[in-house]
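# What the coordinates show
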Amino acid sequence: AQSVTQLDSHVSVSEGTPVLLRCNYSSSYSPSLFWYVQHPNKGLQLLLKYTSAATLVKGINGFEAEFKKSETSFHLTKPSAHMSDAAEYFCVVSDGSYGGSQGNLIFGKGTKLSVKP
Amino acid sequence: DTAVSQTPKYLVTQMGNDKSIKCEQNLGHDTMYWYKQDSKKFLKIMFSYNNKELIINETVPNRFSPKSPDKAHLNLHINSLELGDSAVYFCASSRGQGLGEQYFGPGTRLTVT
C-alpha cells in the first residue's frame, strides 16, 4: 500500500534561514507526489507536484522538492523562510487506485512550520 | 471568484441531528471529493465522485451520504450526528479522476455537542 511519512511534526526556523520539511514515501510503483500547504483556518493549496518528469520540482512561493527514488524521499525546501510561510505542510502520495500513478490522495500527518522574526 | 466554496463555514449542532454541508466549484471540473480533517490535522478522503462513479471510503459510516445535483455541486448529508463527527470537512475538485491536483474549499468546521 502507498503511504507517506512526514518525519517532523513541527519545524521552527528563523526568518531568512533555509527551510527543510522531510517526507518519505512508500509505493509499489512510480508514484505521483505532492506538497500541499494549509494556512491557519484556510483550505489546502497545492505547492508543487512530481509526476515522473524532472526529479527537481519547483513550486510556488520559492519552494522546491527533489524526488529521490533511492532514498524514497520527497523533501520540501526553501532557501529563505518568510513569516508568511508559517503554516501546516502536507506531503501527499497518489494511491494508484485508478491505475498507474493515478488515484486518490493519501495525506501525511502534516508538519507545522513556525517562522520566528 | 472563489474556485471551490463551501457553506456554512461553521456549523454547531446537537447529537442526533441531521445536517448538510454544501459545496460548489466553478472550475468546470468533473470530479469532486469530500475529506475529513480531525483534531490532529489528519486528512482522510471520504468520497470521490464524478458523473460516472461514486467511490466511498469503506471506513465512512453510512450516516454520511454525498448528493450531487449537478457537476458543479457535491453536498454532504450527515444523519444522526455523533460527537465523533466533530471535525473540519473539506470539499475539493479536480479535472479528471485520480489525476492528483485537487483544488480545496475553505472547509466547514462542524462541532457536535
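Refer to the preceding data block for the structure.
Keep in mind it's a predicted model, so treat the numbers as computed, not measured.

Let's shift gears to the overall build of chain B. Broken down by element type, chain B carries zero helices and eleven strands. Taken from N to C terminus, the helices and strands of chain B fall in the order β-β-β-β-β-β-β-β-β-β-β. Computed over C-alpha atoms, the radius of gyration of chain B comes to 13 Å, within 12% of the 13 Å expected from 2.2 N^0.38 for 113 residues, which places it in the range of a compact globule. Projected onto the principal axes, the alpha-carbon positions of chain B cover approximately 35 × 30 × 30 Å. Burial analysis of chain B (113 residues in total) assigns 45% to the buried set. Carbon and sulfur atoms form 48% of the exposed surface of chain B, whose accessible area is close to 5,800 Å². Positive and negative side-chain charges of chain B, numbering 13 and 11 respectively, have mean locations separated by a distance of 4 Å.

Within this model, the largest pocket holds a volume of roughly 300 Å³. Surrounding the largest pocket, 19 residues form its lining, Asn-41 of chain A together with Gln-37, Lys-41, Val-88 and Arg-109 of chain B being those nearest its centre. Of all elements in the fold, only strand 9 (87-94) and strand 11 (108-112) of chain B reach the threshold of two or more residues within the lining of the largest pocket. The element best represented in the lining of the largest pocket is strand 11 of chain B, accounting for four residues. Class assignment of the residues belonging to the lining of the largest pocket gives a composition of six nonpolar, eight polar and five charged.

For the rest of this paragraph, the subject is the side chain of Gln-38 of chain A. Inspection of the secondary structure puts Gln-38 of chain A in strand 5 (residues 33-38). Polar contacts involving the side chain of Gln-38 of chain A include one to the main-chain carbonyl oxygen of Lys-42 of chain A, which spans 3.1 Å. Polar contacts involving the side chain of Gln-38 of chain A include one to the side chain of Gln-37 of chain B, which spans 3.0 Å. Not counting chain neighbours up to four residues away, the residues in contact with Gln-38 of chain A comprise Gly-43, Leu-44, Ala-87, Glu-88 and Phe-90 of chain A together with Gln-37, Lys-41 and Phe-90 of chain B.

Before going further, it helps to examine the interface of chain A and chain B. Across the contact, 20 residues belong to chain A and 22 residues belong to chain B. In total, chain A and chain B occlude about 1,700 Å² of area from one another, counting both sides; carbon and sulfur atoms represent 56% of this. Applying the counting criterion to the chain A and chain B interface returns one salt bridge. For Glu-101 of chain B, the salt bridge goes to Lys-49 of chain A, with nearest N and O atoms at 2.8 Å.

The next thing to look at is the pattern of salt bridges. As enumerated under the stated definition, the model contains six salt bridges over all chains in all. Asp-8 of chain A is the partner of Arg-22 of chain A in a salt bridge, and the nearest nitrogen-oxygen pair spans 3.0 Å. Of the two residues, Arg-22 of chain A sits in the loop between strand 3 (19-21) and strand 4 (23-26) while Asp-8 of chain A sits in the loop between strand 1 (3-6) and strand 2 (10-14), which places them 14 residues apart along the sequence. Of the charged contacts in the structure, one is a salt bridge between Arg-63 of chain B and Glu-82 of chain B, with a shortest N-O distance of 3.5 Å. Here Arg-63 of chain B is found in the loop between strand 6 (54-56) and strand 7 (64-70), whereas its partner Glu-82 of chain B is found in the loop between strand 8 (73-78) and strand 9, with 19 residues between them in sequence. Taking the relative accessible area as the measure of exposure, Glu-82 of chain B reaches 41% and is therefore partly exposed.

So, how was this worked out
- Each residue is numbered by its place in its chain's sequence as written, counting from 1.
- In the order they appear in the text, chains get letters beginning with A and ligands get numbers beginning with 1.
- Restriction of local features to residues with pLDDT of at least 70 applies here, the model being predicted, together with a cutoff of 80 or more for giving and counting side-chain atom pairs; totals for whole chains, interfaces and linings are based on all residues.
- The basis for every side-chain value is the complete set of non-hydrogen atoms in the structure, without hydrogens or water.
- Helix and strand definitions here come from DSSP, where helices need a minimum of 4 consecutive H or I residues and strands a minimum of 2 consecutive E residues; each element is numbered from the N-terminal end.
- All radius of gyration figures rest on C-alpha atoms, and the globule criterion is 2.2 Å times the number of residues raised to 0.38.
- Here's how the labels work: a residue is buried when its accessible area is under 20% of the maximum for its type, exposed when over 50%, partly exposed in between, all with a 1.4 Å probe on protein chains only.
- The accessible surface values rely on the Shrake-Rupley method and a 1.4 Å probe; as for residues, cover is taken only from the protein chains in view.
- By the counting scheme adopted, Arg and Lys are positive, Glu and Asp are negative, and His together with the chain ends is not counted.
- By convention, the charge on Lys lies at NZ, on Arg at CZ, on Asp at CG and on Glu at CD.
- Residues are called lining when one of their atoms sits within 4 Å of a cavity or pocket point, these points coming from a 1 Å grid over the protein atoms alone, where a cavity is a set in which a 1.4 Å probe fits but cannot get out and a pocket is an open set with protein on both sides within 12 Å along at least five of seven lines.
- Grid points are joined across faces, edges and corners, and a volume is the space filled by probe spheres set on the points.
- Under the scheme applied, nonpolar residues are Ala, Val, Leu, Ile, Met, Phe, Trp, Tyr, Cys and Pro; charged residues are Asp, Glu, Lys and Arg; polar residues are all the others, including Gly.
- Whenever a nitrogen or oxygen atom comes within 3.5 Å of another N or O atom, the pair is scored as a polar contact, on the condition that within protein one atom can donate a hydrogen and the other can accept it, and that pairs from neighbouring residues in sequence are kept only if both atoms are in side chains.
- Whether two residues are in contact is decided by their heavy atoms: any pair within 4.5 Å suffices.
- When two parts are brought into contact, each loses some accessible area as probed by a 1.4 Å sphere; the total of that loss over both is the buried area.
- Each reported salt bridge corresponds to a side-chain nitrogen of Lys or Arg within 4 Å of a carboxyl oxygen of Asp or Glu.

Everything listed is a geometric property; what it means functionally is a separate question.
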